[in-house]
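Overview (structure and organization)
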Amino acid sequence: MQLILPILLIVLLAYLTFRLAFFRLDELPQWTAPVLFLIKLFFGFALWAVYTFYYTDRSTSDIYKFYDDAHYVHLAYTQDKAAFIGLMTGSEDSSLDVYTGQMKNWERNFNKAVPFNENRFMIRLNALMMFVSGENIHVHTVFFCFLSFIGCILLLKLFQSFVEAGKKKWVLLTVLFPSFLFWTSGGLKESLIILGLGLFLYGFLVIRERGLAAILLLISGIAVLLVTKYFLLICLLPAVVAYYLFVNKASPKQVILKYAGVIILTLIVLQLIAPIDKRVNFARIISKKQKYAIGEAKYMKAGSYSEVPVVDSTIVSVVVNLPIGLWDSMMKPYLWQSRNPMMLLSAAENIALLILLILALIYRDKKKAYDYNLLLFISISVVLYFSIIGIMTPVLGNLVRYKVVMMPMLVFVLLYIGDLKRLLYSDTNSR
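Residues numbered from 1 in each chain as written. Predicted model: local features only at pLDDT ≥ 70, side-chain atom pairs only at ≥ 80, totals over all residues. Heavy atoms only, no water.

Next up on the list: the overall build of the chain. Secondary structure assignment for the chain yields 20 helices and zero strands. Radius of gyration (C-alpha) of the chain: 22 Å, near the 22 Å computed for a compact globule of 431 residues. Of all 431 residues assigned to the chain, the portion counted as buried reaches 52%. Partitioning the contacts of the chain with sequence separation of at least 6, the portion at a separation of at least 24 is 72%. Approximately 20,500 Å² of the chain is accessible, and the part contributed by carbon and sulfur atoms is 67%. (Helix = DSSP H or I, 4+ residues; strand = E, 2+ residues; numbered from the N terminus. Rg over C-alpha atoms; globule rule 2.2 N^0.38 Å. Buried < 20%, exposed > 50% of the residue type's maximum accessible area, 1.4 Å probe, protein only. Contact = heavy atoms within 4.5 Å. Areas by Shrake-Rupley, 256 points an atom, 1.4 Å probe, with all protein chains shown as cover.)

In structure tokens form, the structure reads like this:
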């Protein structure tokens, strides 16, 4: 009986992905979308299996810590609807203690450095899903996979809009890396982050063509990212400002100067506003998040702990250590640091991405008129995000999870600059 509802839901959603025009991708057959959705479901249930049979402590298991706490919120609906409303709206009434006292993740041990409690959002979302699922976790897996899948489709459609005919089918590779599929399929925040990222980027980059519809998508994306990964949104802001600034400037030099100017201006503004209030001191926020991440890692005795460069509450300290953060995000975990199959897979993917980068530079399309504004927008966004999470994340397992959300953008850059015809047929032509 536990399988009937999720199976029916899978059949319905797979049918919709096959029939609805929204899910169709250029240069790819109609069955591509449902197959991609089924692939994500496979990885979503693999994620469930790992956190059910391998990591057996449900109180710290990332999918169960949200799901199990959601049970008490859902229970409140049948026992005390006023308490349910209070839990869902963020009331701090002491009468709610009868429910929150039974939760293990409603209050975070190390939450003072963040303005949003993502745990509570995930708990509330799972509680709402329980009205449909009847507390069947497999239904939750299907829902999360589908939400992430919508984000993937939006990213793929966006990528396809920027590449020429004959190359559009290759953008599918941006969402097929195993670590991306694993960590963004299932009941983790990363599934929603991909939805938010897809909504945000698609709405922002097509706003001139789609008008009001794009604005609604953009606002929705901002809302999702704020409650799941607000720091990702902050990392996107400099590139967002630069993208539509002097948009008619097309030469590489002009575009580089534009983005460099915005980044320098951003650093100056951050330095000027830092003394006003500690809550707007960006460097202090980085430093505090790093401190609490290190403290949490040591408290939990994380097995994949890795040293990070310690930063203080000054912009200079953060900027100086950004290259180290970028290197760690791109290259860690090293092969010799891999203690389980997922870490080993991530290490192999790091090597694959490095090889792809080298090949893209060697086999770049020298005749192509690149959209340097787009190229810098995506590249700067990825570099800033990777650099900052590399500084703030001392646990390699978390680092792998955090960085996969930007992996499609990184892979797209490599596909965009590379000449696939030269790369794929170079050996044939040489003979």
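The subject of this paragraph is the side chain of Ser-61. Inspection of the secondary structure assignment puts Ser-61 in the loop between helix H2 (32-54) and helix H3 (64-79). Those residues within four positions of Ser-61 in sequence are excluded, and the remaining contacts are Tyr-51 and Tyr-55.

Before going further, it helps to spend a moment on helix H1 (residues 4-19). Here H1 is 16 residues long and its end C-alpha atoms lie 23 Å apart, about the 22 Å a rise of 1.5 Å per residue gives. By the burial criterion, the buried members of H1 are Pro-6, Leu-9, Ile-10, Leu-13, Ala-14 and Thr-17. Looking straight down H1, one finds its buried side chains confined to an arc of 130°; they lie on one side. Exposed residues on H1 whose side chains face more than 90 degrees from its buried face are Leu-8, Val-11 and Tyr-15. Turning to H1, the residues buried within the fold contact H2 and helix H7 (137-161). (Expected span 1.5 Å × (residues − 1). Arc of directions from axis to C-beta.)

Now for the packing of aromatic side chains. In total, this model carries 29 aromatic pairs according to the counting rule given. Seen from their ring centres, Tyr-385 and Phe-386 are 6.4 Å apart, and the 50° between their planes marks the pair as tilted. Judged on exposure class, the residue Tyr-385 and its partner Phe-386 are both buried. Taken together, the ring pairs connect Phe-22, Phe-23, Phe-37, Phe-146 and Phe-149 into an aromatic cluster. (Phe/Tyr/Trp six-rings, centres within 6.5 Å; stacked < 30°, edge-to-face > 60°.)

This next bit is on the pattern of salt bridges. Oppositely charged side chains are able to pair whenever their charged atoms sit close together. All chains considered together, the criterion is met by seven salt bridges. We note a salt bridge from Glu-190 to Arg-401, for which the minimum N-O separation is 3.1 Å. Of this pair, Glu-190 sits in helix H9 (residues 189-205) while Arg-401 is found in helix H18 (residues 396-404), placing the two residues 211 residues apart along the sequence. In this structure, Glu-190 and Arg-401 share a single accessibility class: buried. Two residues, Asp-328 and Lys-332, come together in a salt bridge whose shortest N-O distance is 3.6 Å. Given a relative accessible area of 6%, Asp-328 falls into the buried group. For Lys-332, a relative accessible area of 9% gives the class buried. (Salt bridge = Lys/Arg side-chain N within 4 Å of Asp/Glu carboxyl O.)

Quick look at the nonpolar core now. Within the largest apolar cluster, 132 residues are counted, with the highest numbers of intra-cluster contacts made by Leu-232, Tyr-259, Ile-286, Phe-377, Met-406 and Phe-412. At 15 residues, the largest contribution of residues to this core is made by H7. When near neighbours in sequence (up to four residues on either side) are disregarded, Phe-412 contacts Phe-159, Phe-162, Val-163, Val-171, Thr-174, Leu-374 and Ile-378. (Core = buried A, V, L, I, M, F, W, Y, C linked by side-chain atoms within 4.5 Å.)

To continue, consider the environment of Leu-245. As for its position among the elements, Leu-245 is in the loop between helix H12 (230-243) and helix H13 (252-273). You can call Leu-245 partly exposed: its relative accessible area is 33%. With 207 residues separating them in the primary sequence, Leu-245 and Leu-38 have C-alpha atoms 41 Å apart.

Turning our attention to the packing of helix H16 (residues 341-362) against H18. Where H16 contacts H18, the two axes come as close as 11 Å, and the packing angle between them is 55°. Our classification of the angle between H16 and H18 gives oblique. Crossing geometry of H16 relative to H18 is assigned as left-handed. Side by side, H16 and H18 meet where Met-343, Ser-346 and Asn-350 of the first sit next to Leu-396, Gly-397, Val-400 and Lys-403 of the second. (Axes fitted to C-alpha atoms, helices over the stretch in contact; angles between N-to-C directions. Parallel < 35°, antiparallel > 145°, perpendicular 65-115°, else oblique. Left-handed = near helix turned anticlockwise from the far one by under 90°.)

Coordinates in, geometry out; function isn't part of it.
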